[in-house]
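Take a look at the letters that make up each chain.
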Amino acid sequence: MRNITREKEGGLYKYFYGNTTNYENIRTMEEEAMKKGYKTSFIVAFKDGKKISITEALKTTTN
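Residues numbered from 1 in each chain as written. Predicted model: local features only at pLDDT ≥ 70, side-chain atom pairs only at ≥ 80, totals over all residues. Heavy atoms only, no water.

**Student:** I'm lost on unusual backbone geometry in this one. Help?
**Tutor:** Across the chain, the bulk of peptide bonds are trans and the bulk of non-glycine residues have phi less than zero. A positive phi angle is found at D48, which is not glycine, with a value near 55 degrees. Residue placement: D48 occurs in the loop between β3 (45-47) and β4 (50-52). (Helix = DSSP H or I, 4+ residues; strand = E, 2+ residues; numbered from the N terminus.)

**Student:** Any chance you could explain the side chain of E30 here in plain terms?
**Tutor:** Looking at where E30 falls in the secondary structure, it is placed in helix α1 (residues 23-35). For E30, a relative accessible area of 17% gives the class buried. Apart from the residues lying within four places of it in its own chain, the contact partners of E30 are S41, F42 and I43. (Buried < 20%, exposed > 50% of the residue type's maximum accessible area, 1.4 Å probe, protein only. Contact = heavy atoms within 4.5 Å.)

**Student:** Even after reading the chapter, I still don't get a nonpolar patch on the surface, so can you show me in this structure?
**Tutor:** Taken together, the side chains of I4, Y13 and Y15 present a nonpolar region at the surface, about 340 Å² in accessible area. Tracing the backbone shows Y15 in strand β2 (residues 12-17). (Patch = residues over 30% accessible without salt bridge, like charges linked within 9 Å, V, L, I, M, F, W, Y side chains within 5 Å. Areas by Shrake-Rupley, 256 points an atom, 1.4 Å probe, with all protein chains shown as cover. Salt bridge = Lys/Arg side-chain N within 4 Å of Asp/Glu carboxyl O.)

**Student:** Where do I start with the pattern of salt bridges in this structure?
**Tutor:** Close approach of charged atoms allows side chains of opposite charge to pair. Counting across every chain of the model gives three salt bridges. Close ionic contact of E9 with K14 constitutes a salt bridge, the shortest N to O distance being 3.0 Å. On the accessibility criterion, E9 (40% relative accessible area) is partly exposed. The residue K51 makes a salt bridge to E9 at a minimum N-O spacing of 2.9 Å.

**Student:** Where do I start with the pairing of strand β1 (residues 4-9) in this structure?
**Tutor:** If a strand is regular, its side chains alternate between the two faces of the sheet. Pairing of β1 with β2 involves six bridges; the strand directions are antiparallel. Bridge assignment links K8 to a residue of β2, and that residue is Y13. (Pairing = 2+ DSSP bridges.)

In structure tokens form, the structure reads like this:
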């Protein structure tokens, strides 16, 4: 099982499943989460510890 982390954002707790710099790997992780019953999963990108858009993340990497 992958490490699951939790962060509080506003009044909500958000859970994060996995960590990778490869977009194909993260898509696989999203599928795994959905198969395990997490129907509202999202891919979230971070740069220097701050959330960024997926579009921006894909522009800055060489996947």
